[in-house]
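Chains, contacts and geometry: an overview
Each chain, letter by letter, is given below.
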Amino acid sequence: MLKIDYHIHTQISPCASEDMEIHRIIQAEEERGMNAIGFTDHCYGFEYKILRAEAARKEISQYDGSMEVFLGLEAHMHQYRHASVMLEFAAQFDYVLMAPNHYHLRGVVRPDAMTPRSFAIHEMYMFEAALNCPFTDAIAHPFVFLPSTFGLNVDEMAEFSAEVMTCIDDKRLAYALDMAAQREIGIELSPRFLSLRQSHLMEFYRMCLERQVKLFIGSDAHALDALASVDLLQPAIEELEVGEENLWYPKEWAW
Ligand SMILES: [Zn+2]
Ligand SMILES: [Zn+2]
């Protein structure tokens, strides 16, 4: 069973539930027997106060249990060379989880047209933009599309996104993944791809593993009862034959 979850939102994120307090999450995850967890709140531009990050860091430092607890950040790309955070801010965190496809947010460039080909070209561009950002440590939910953003239902989006993946330039994707492997940038495997029925992405995750890319495990939980959703990944982990050596973990880049 997976005992790690590096993508958890606390109540600091406007979209998370009020009961997502750090001490409650730590307690719940300890009861679940987790080994390592990481908080990754959203950062909407400059509205996110550095003081809240400092308070979170202080609260985490007071924990003296056996789990490893990290303070990460979920940032997103607006377009090439434009991330939602500045380097100085990003440097306050243990790692930066960069989302290439937060298309529901203002300021994030969307595909030109509602066609699989347009989506494939655009998502690839955003994926490369996220990879090329100098402070990206892992990529959040690449190629996973939210139906509500595009006015589709879950099945329509699943069908559409499967077509998108057939339009991806495999050679270009392989090149991007090689760069991710080289820079030790993790690719997120999130239970969200299952709840959205986008299981065609198994092929993408397989390609990540073939090219020695580490998989980043995250529930993207916004509520306490969603923490256990990371367990839903177990069958996929087995099918992909993911071992410890294939898993991303936060690194200290000190020298
Ligand atoms: Zn996200
Ligand atoms: Zn998230």
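Placed above this text is the structure.
Residues numbered from 1 in each chain as written. Chains lettered and ligands numbered in written order. Predicted model: local features only at pLDDT ≥ 70, side-chain atom pairs only at ≥ 80, totals over all residues. Heavy atoms only, no water.

Observations regarding the coordination of the zinc ion (ligand 2)
To keep things clear, this is the line we draw: In this listing, donors mean N, O and S atoms no farther than 2.8 Å from the metal, or 3.2 Å for Na, K and Ca; water is missing from the atoms, so a site can look incomplete. Note on geometry labels: four donors, all angles 85 to 135 degrees, give tetrahedral; four donors become square planar and six octahedral when opposite donors are over 155 degrees apart and every other angle is between 65 and 115; remaining cases are irregular. The rule is simple: take the accessible area with a 1.4 Å probe, protein chains only, and divide by the maximum for that residue type; under 20% is buried, over 50% is exposed, in between is partly exposed.
Looking at the zinc ion (ligand 2), the protein donor atoms are His7 (NE2), His9 (NE2), Glu74 (OE) and Asp220 (OD), and they sit 2.1 to 2.2 Å from it. The site at the zinc ion (ligand 2) holds four donor atoms, and with the angles between them running 81 to 172°, its shape is irregular. Going along the chain, you hit the donors of the zinc ion (ligand 2) in the pattern H-x1-H-x64-E-x145-D. Separating the zinc ion (ligand 2) from the zinc ion (ligand 1) is a gap of 3.6 Å, which Glu74 spans by donating to each of them. No difference in accessibility class separates His7 from His9, as the two residues are buried.

What about the packing of helix 4 (residues 116–132) against helix 6 (residues 170–182)?
Operational definition: Here the axes come from fitting lines to C-alpha atoms, over the contacting stretch only for helices, and the angles between their N-to-C directions go from 0 to 180 degrees. Put simply, DSSP marks the helices as runs of H or I at least four residues long and the strands as runs of E at least two long, and each gets a number from the N terminus on. Orientation is classified from the angle alone, with under 35 degrees giving roughly parallel, over 145 giving roughly antiparallel, 65 to 115 giving roughly perpendicular, and any other angle giving oblique. The sense of a crossing depends on the near helix, which, turned anticlockwise from the far helix by less than a right angle, makes the crossing left-handed and, turned clockwise, makes it right-handed. A contact between two residues is defined here by any heavy atoms of the two lying within 4.5 Å. In this classification, the charged set is Asp, Glu, Lys and Arg, the nonpolar set is Ala, Val, Leu, Ile, Met, Phe, Trp, Tyr, Cys and Pro, and all remaining amino acids, among them Gly, are polar.
Relative to each other, helix 4 and helix 6 sit at 20°, their axes nearing to 10 Å. Considering their axes alone, helix 4 and helix 6 lie roughly parallel with respect to each other. The hand of the helix 4/helix 6 crossing is left-handed. Between helix 4 and helix 6, the residues in contact are Met124, Tyr125, Phe127, Glu128, Leu131 and Asn132 and Arg172, Leu173, Ala176, Leu177, Met179 and Ala180, respectively. Looking at the contact of helix 4 with helix 6, its residues break down into nine nonpolar, one polar and two charged.

What to know about the coordination of the zinc ion (ligand 1)
Distances from the zinc ion (ligand 1) to its protein donors, Glu74 (OE), His102 (NE2) and His141 (NE2), fall within 2.0 to 2.2 Å. Mapping the donors of the zinc ion (ligand 1) onto the primary sequence yields the spacing E-x27-H-x38-H.

Section: the pairing of strand 1 (residues 4–8)
Our working definition: When DSSP finds at least two bridges between two strands, those strands are taken to pair. Whether a crossover is right-handed comes down to one check: with the strands pointing away from the viewer, does the path from the first strand over the helix to the second run clockwise; if it does, it is right-handed.
Among the five residues that make up strand 1, five are buried, leaving the element largely enclosed by the rest of the structure. Where strand 1 and strand 2 (residues 36–42) come together, three bridges link them in parallel fashion. Bridged to Ile4 within strand 2 is Ala36. With respect to chirality, the unit in which strand 1 leads through helix 1 (residues 22–31) into the neighbouring parallel strand 2 is right-handed.

Things to note about the environment of Thr149
In this structure, Thr149 sits in the loop between strand 6 (138–139) and helix 5 (154–166). Residues Thr149 and Tyr103, spaced 46 residues apart in sequence, show a C-alpha to C-alpha distance of 7.0 Å. What Thr149 contacts, discounting residues up to four positions off in sequence, is Tyr103, His104 and Arg110.

Topic: unusual backbone geometry
Not every positive phi belongs to a glycine, and Glu184 is a case in point at roughly 55°. Mapped onto the elements of the fold, Glu184 is located in the loop between helix 6 and strand 7 (186–189). Despite not being glycine, Asp220 has its phi angle at roughly 60°, a positive value. Of note, Asp220 is situated in the loop between strand 8 (215–217) and helix 9 (234–239).

Some details on the packing of helix 6 against helix 8 (residues 202–210)
It is the contact of helix 6 with helix 8, at a shortest axis distance of 10 Å, that shows an interaxial angle of 50°. For the element pair helix 6 / helix 8, the angle class is oblique. Here helix 6 runs over helix 8; the crossing is right-handed. Residues Asp170, Leu173, Ala174 and Leu177 of helix 6 touch helix 8, and the partners they reach there are Phe204, Met207 and Cys208. For the contact of helix 6 with helix 8, the residue count by class is six nonpolar, no polar and one charged.

Digging into the environment of Ile26
In this structure, Ile26 sits in helix 1. Sequence separation between Ile26 and His78 is 52 residues, and the spatial gap between their C-alpha atoms is 32 Å. Residues contacting Ile26, with those up to four places away along its chain left out, are Ile37, Phe39, Tyr63, Met67 and Val69.

Re the packing of aromatic side chains
To keep things clear, this is the line we draw: Stacked, edge-to-face and tilted labels apply to pairs of Phe, Tyr and Trp rings (six-membered ring for Trp) whose centres lie within 6.5 Å, assigned for plane angles under 30 degrees, over 60, and everything in between, in that order.
Taken as a whole and judged by the stated rule, the model has 18 aromatic pairs. Centroid distance Tyr6 to Trp248: 5.4 Å. Interplanar angle 80°. Geometry classified as edge-to-face. On the criterion of sequence distance, the pair formed by Tyr6 in strand 1 and Trp248 in the segment after helix 9 is long-range, its members being 242 residues apart. On the accessibility criterion, Tyr6 (4% relative accessible area) is buried.

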